[in-house]
Amino acid sequence: MSEWLLVITSFGYVGLLFAIAYSADKLGDTGRSLVNNPYVYTLSIAVYCTAWTFYGSVGRATETGVSFLTIYLGPTLMAVLWWLILRRIIRISKLYRITSIADFIASRYGKSMALGGLATFIAVVGITPYIALQLKAVSDSFVVMLSFPDPEVATTPLRFWDDKAFWVAGLLAIFAILFGTRHIDATERLEGMVVAVAFESVIKLLAFLAAGFFVTFMLFDGPQALFEQAAEVDQIRDLMLLSSLPGGYVNWMTLTVLSMLAIVFLPRQWQVTVVENVNEDHLRTAAWLFPLYLLVINLFVLPIAFAGMIYFGEGTVNPDSFVLALPLAEGYDWLALFIYIGGFSAATGMVIVATIALAIMVSNDLVVPALLRMRGFQLSANADLSRFIVNLRRVIICLILLLGYGYYLLIADTYALVSIGLISFVAVAQFAPPILIGIFWKGASRKGAMAGLIAGFILWGYTLLLPSFVDAGLISRALLEHGPLGVGWLNPYGLFGLTDLDPITHAVFWSLFANIGLLVGVSLFARQSDIERIQGALFVDVFLRSERDTRFWEGTATVGDLQDLLGRFIGQERARQTFASYAEEHGIALSERDHARPELVGYAERLLSGSIGSASARVMVSSIIKGEALSFEGVMEILDATSRAIEYSRRLEQKSRELEKATDELRRANERLKELDHLKDEFVSMVSHELRTPLTSIRAFGEILLSNPELDAEQRKEFLQVVVKESERLTRLINQVLDLSKIESGAAEWHLETLDLNQVVHEAADATRQIFNDTRVDLQVHLPDEPMIIKGDHDRLIQLVINLLSNAAKFTDADDGRVDLVVKPVDNEWLELRVQDNGPGISDAEQRKIFDKFHQVSSQQAGKPKGSGLGLAICKLIMDAHWGDIRVESQPGEGATFICEFPTAGGEHCNLDPEEKS
């Protein structure tokens, strides 16, 4: 492939990143932030997948099979614990404006400059191999794209000015400077960088999936065919077994735990997950989406590894390059170019974030504290140091990249990608004990943390870093074969005679054992200073504290002194605006001659922490404060008072919520009472009307009969029939009222017996036949041949069916109305009775109330309310008494179906008192 095409593509891609980062920054400045999104946040966390994932996982899979999954299994397991651990860390960092992992350790242990500096030194030494790994990946992939399949060209050493990795490092330094050092306050969001990294996560995922799809479905006939061919090769078949991992299950467990720690404590991961976090709730999305991302990007690792081993055989192509070599070998150059961009993304994303995170650490926790201690450099006397610190970070970014490039030239070429990455993983794992123990145990002391970190770092260097120099030929191999000066028990790979472990497990065991042991052991016997005890209480009880708890100064300083101090580091104009905002927020007036409140001093210290680190900020503030900081007892008194206030506030909030709930219940009850009152009024009106109408008729026809004795017999008979009919109407209404009253009060008598539902339905249909004849509605009865045996009250069930049939006849049109009465079994335990009509139907709103007593259906389709509003309420009570259920199914304009479900006779319900059931 043309070299110029590769160069132009690489620079063009970086240019695209510049455009994305610039646009994101501009949108953020206008208030339209892209990073306030859980998906962008999750994709930024995917910076975890570096060139190690893109190229190195395939290489490791060719050596140890599925063991590469441990690097991704650990983060997946850790994601489950994020809400417990990472949320606590994020809350602490936001509350106290902590800018880096070194600053976090320094702040926890009494804002110790020495501890912050030590953590920074460990991070730089530990991460340099990782940066070198990325540069090596970029350089190797460039050479493969340029020279494949010529192995001689691919292995020819390059002069550094011919090495593309050198120029890539320079390009990334420019990117990191432009988008990582825009602000002096390290707690301000690097929105452009975060969005660019999220974009790169999408590109590398698509590129790797494209490679996997090509290999699995185009080069081979799907995963089954690929794995069947792989199983025929002895070397590959062994890789499919868990036993293929050197060190067995102990190594599995070690790598899993190591990757669990790395996903939190790698400086770049800390930067994107903690410092760049906008909302703690984004962790909820990341906890499931990030493991899903890891699963997807690793789907094709084994297929590509096995395909490369089958296709190229043993030793002809570096396994780390299989992902590029396979499409190149088949002539798919453009696909290979896209995959190259994916690997380029994976490498550049890590380098950018890592160098920015390290630059902040070196600046805030190493260089600035050192300058404060230099007598010849009066840091506090400079008028404006903001520009100096920004430039300092830019220089540090360049130096870190040069350091990584130097390591790449000296060492990285002799190591596989995965081996280099694991060296860095073990280094950053040393941060786990002081942080995890420190946020849950107030007794962890600065001396313990210092002793643990030093011991862990020395053992890491001795058991892993030093042997890498041996492999590079810089130190005699006798060190690894016989130990230093021939002392075998000091062998870096077999310290104190522990020779049964692989190098990584060996280094992890000794370094963390010493780290944890010294941290806990020394802390148990060391006496903590006041500031250590205060910081320990603040970190451990972070969810019980608030920003107001940071007023730990009782000395005096003027507002003007504080503002001047702050202005030297963040700029005078911004310092003035910050103090003005503070005064407006707290509703106070600030004059430069006024004595600063303790809260304002703490506020200024936190602002400084974002620019120069917590330890340096405390030193700078103490330089202008006349007096001492509060003692531990004084701070505890403030904290206790605040805690009581918070507890009182919580109780008030709880009472308020309970009151709101009670008010809501009362409101609903009141609405129900109003509704019942309205129904009662309607019922009284209806009953009055129903009573008065037949009574009026009876009285009128009675008076006619009384005053006209000469009426002929035929007319007299007609009038008497009207009187009888109206009397029956009165009787029905009164009976319904009495029935409802008796059933509800429990006074109704139930005569339960085993009976045939078919017979009941048949009798009810005969009883209502005249109604249907009068209204010219067609009634169709569908009964099964076999008896439908239930246990029930014969008369009440007759009443149930008559009520349903009467309603159906009442709401269907004359001449074309139709009612179907159906009885059928549902299963062995239930029977069903259906009354279906083709009337106007019932709306959803009416269906919810139709079984309430006194409720009458009234709609455009049903017309004027008909009936007393008691029939269906009585049906509901009858069904309840028979252990059954009644419901309605209907659509407006499509008729209605009332469905009654009865349990078959037999079973436990037959021994129950129906009143008890109801």
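Calculation criteria
Residues numbered from 1 in each chain as written. Predicted model: local features only at pLDDT ≥ 70, side-chain atom pairs only at ≥ 80, totals over all residues. Heavy atoms only, no water. Helix = DSSP H or I, 4+ residues; strand = E, 2+ residues; numbered from the N terminus. Areas by Shrake-Rupley, 256 points an atom, 1.4 Å probe, with all protein chains shown as cover. Phe/Tyr/Trp six-rings, centres within 6.5 Å; stacked < 30°, edge-to-face > 60°. Lys NZ or Arg CZ within 6 Å of the ring centre and 35° of its normal. Axes fitted to C-alpha atoms, helices over the stretch in contact; angles between N-to-C directions. Parallel < 35°, antiparallel > 145°, perpendicular 65-115°, else oblique. Contact = heavy atoms within 4.5 Å. Left-handed = near helix turned anticlockwise from the far one by under 90°. Nonpolar A, V, L, I, M, F, W, Y, C, P; charged D, E, K, R; others polar. Pairing = 2+ DSSP bridges. Core = buried A, V, L, I, M, F, W, Y, C linked by side-chain atoms within 4.5 Å. Buried < 20%, exposed > 50% of the residue type's maximum accessible area, 1.4 Å probe, protein only. Domains from an automatic or database assignment. pLDDT = per-residue confidence, 0-100. Expected span 1.5 Å × (residues − 1). Arc of directions from axis to C-beta. Patch = residues over 30% accessible without salt bridge, like charges linked within 9 Å, V, L, I, M, F, W, Y side chains within 5 Å. Salt bridge = Lys/Arg side-chain N within 4 Å of Asp/Glu carboxyl O.

On to the overall build of the protein chain, then. Regarding its fold elements, the protein chain presents 37 helices and 7 strands. Total accessible area on the protein chain is roughly 40,800 Å²; 57% of this is exposed by carbon and sulfur atoms.

The geometry of an aromatic ring pair comes down to the distance between the two centres and the angle between the two planes. What the rule picks out here adds up to 28 aromatic pairs. Ring-pair connections join several aromatic residues into one group, and the members of that group are Tyr48, Tyr72, Trp82, Tyr130, Phe290 and Phe425. When the ring centre of tryptophan 83 is taken as origin, the NZ or CZ atom of arginine 284, which lies over that ring, is 4.0 Å away. Above the ring of tryptophan 750, the side-chain terminus of arginine 796 is found at 5.6 Å from the ring centroid.

Moving on, we come to the packing of helix H18 (residues 333-373) against helix H29 (residues 614-622). Interaxial distance between H18 and H29 falls to 9 Å at its minimum, and their mutual angle equals 30°. Taken together, the axes of H18 and H29 are roughly parallel relative to one another. Residues Asn364, Val368, Pro369 and Leu372 of H18 form the contact with H29, whose own contacting residues are Ser616, Val619 and Met620.

Okay, the packing of helix H11 (residues 223-231) against helix H16 (residues 301-312) next. In contact at an axis separation of 10 Å, H11 and H16 are set at 50° when each is read in the N-to-C sense. Judged by the angle between their axes, H11 and H16 are oblique. Here the hand of the crossing between H11 and H16 comes out left-handed. For the pair H11 and H16, contact is made by Leu226, Phe227, Gln229 and Ala230 and by Leu302, Pro303, Phe306, Ala307 and Ile310, respectively. The class makeup of the residues in the contact of H11 with H16 is 8 nonpolar, 1 polar and no charged.

Here the focus is the sheet that holds strand E6 (residues 885-890). Read from one edge of the open sheet, 5 strands run E2-E4-E5-E7-E6, paired in mixed fashion. Looking at strand neighbours, the two that pair on one side only are strand E2 (778-782) and E6, the edges of this open sheet. Going across the sheet, the axis of each strand differs from the next one's by a mean of 15°, ignoring polarity. The sheet contact formed by E6 and strand E7 (residues 896-903) spans 6 bridges and is antiparallel. When the bridges of E7 are listed, valine 888 appears paired with phenylalanine 898. Those strands touched by helix H32 (residues 757-767) are E2, strand E4 (818-825), strand E5 (830-837) and E7, and its axis lies near 165° from that of E4. Strands E2, E4, E5, E6 and E7 of the sheet are contacted by helix H34 (residues 794-810), whose axis makes an angle of about 25° with E5.

This next bit is on the nonpolar core. Membership of the largest hydrophobic core comes to 208 residues, with the highest contact counts inside it found for Tyr48, Trp82, Ile304, Phe425 and Phe431. Tallying contributions element by element places H18 first for this core, with 21 residues. Looking at which domains feed residues into this core, each of domain 1 (3-375 + 383-417) and domain 2 (559-628) gives three or more. Not counting residues within four places of it along the chain, the set of residues in contact with phenylalanine 431 comprises Ile101, Ile105, Ala119, Ile122, Ala123, Phe265 and Leu453. Within the second largest apolar cluster, 50 residues are counted, among which are Leu733, Leu800, Ala808 and Val888.

Moving on to the confidence of the model for the protein chain. Residues at a pLDDT of 70 or more form 88% of the protein chain, whose mean pLDDT is 82. Per-element confidence in the protein chain is highest for helix H21 (residues 432-438), whose mean pLDDT is 94, and lowest for helix H37 (residues 914-917), whose mean pLDDT is 46. Counting interchain partners and residues more than four positions distant, the pLDDT-below-50 stretch residues 912-918 has 11 contacts.

Here E6 shows a clear split, with Ile886, Val888 and Ser890 buried on one side and none of Asp885, Arg887 and Glu889 buried on the other. Where E6 folds back on E7, the antiparallel hairpin that results is connected by 5 residues, among which glycine 893 adopts a positive phi of roughly 85°.

Moving on, we come to helix H27 (residues 572-586). For H27, with 15 residues, the first-to-last C-alpha span of 21 Å sits near the 21 Å given by 1.5 Å per residue. Those residues of H27 that fall on the buried side of the exposure criterion are Ala575, Thr578, Phe579, Tyr582 and Ala583. One side of H27 carries all its buried residues, which in axial view fall inside an arc of 135°. Opposite the packed face of H27, turned more than 90 degrees from it, sit the exposed residues Glu584 and Glu585. Buried residues along H27 sit in contact with helix H26 (559-570) and helix H28 (598-612). One or two residues past the end of H27 sits glycine 587, with phi positive at roughly 65°.

Looking at where lysine 111 falls in the secondary structure, it is placed in the loop between helix H6 (101-108) and helix H7 (113-147). The residues contacting lysine 111, other than those within four sequence positions of it, are Ala106, Gln535, Glu605, Ser614, Ala615 and Arg618.

This next bit is on a nonpolar patch on the surface. Residues Tyr39, Trp288, Leu292, Leu295 and Leu299 make up a contiguous nonpolar surface patch of about 540 Å² in total accessible area. Per-element tally for the nonpolar patch: the top contributor is helix H15 (residues 282-297), with 3 residues. By secondary structure assignment, the location of leucine 299 is in the loop between H15 and H16.

Another aspect to go through is the environment of threonine 904. With respect to the helices and strands, threonine 904 occurs in the loop between E7 and H37. Considered as a pair, threonine 904 and threonine 754 are 150 residues apart in the sequence and their alpha carbons are 9.7 Å apart.

Phi at lysine 111 is positive, roughly 55°, even though this residue is not glycine. One non-glycine residue, arginine 776, lies in positive phi territory at about 55°. Looking at the secondary structure, you find arginine 776 in the loop between helix H33 (769-775) and E2. Given a relative accessible area of 48%, arginine 776 falls into the partly exposed group.

A separate point is the pattern of salt bridges. This model, assessed by the stated rule, comprises 19 salt bridges. Among the ionic pairs, aspartate 140 bridges to lysine 136, the shortest N-O distance being 3.3 Å. In this pair, aspartate 140 and lysine 136 are both assigned in helix H7, 4 residues apart and thus about one turn of the helix distant. According to the relative accessible area criterion, lysine 136 is buried, its value standing at 5%.

Okay, helix H4 (residues 70-81) next. For H4, spanning 12 residues, the distance from its first C-alpha to its last is 17 Å, which sits close to the expected 16 Å at 1.5 Å a residue. All buried positions along H4 are accounted for by Thr70, Ile71, Tyr72, Gly74, Pro75, Met78 and Ala79.

In this structure, asparagine 515 sits in helix H24 (residues 503-525). Residues contacting asparagine 515, with those up to four places away along its chain left out, are Gln430, Pro433, Pro434, Gly452, Leu453 and Gly456.

A few words now on the environment of phenylalanine 772. The residue phenylalanine 772 is located in helix H33 in this model. Its relative accessible area of 2% is what places phenylalanine 772 among the buried residues. A sequence separation of 38 residues divides phenylalanine 772 from lysine 810, and the C-alpha atoms of the two residues are 9.1 Å apart. If we ignore the near neighbours within four places in the chain, the residues touching phenylalanine 772 are Val777, Leu779, Leu805, Ala809 and Val819.

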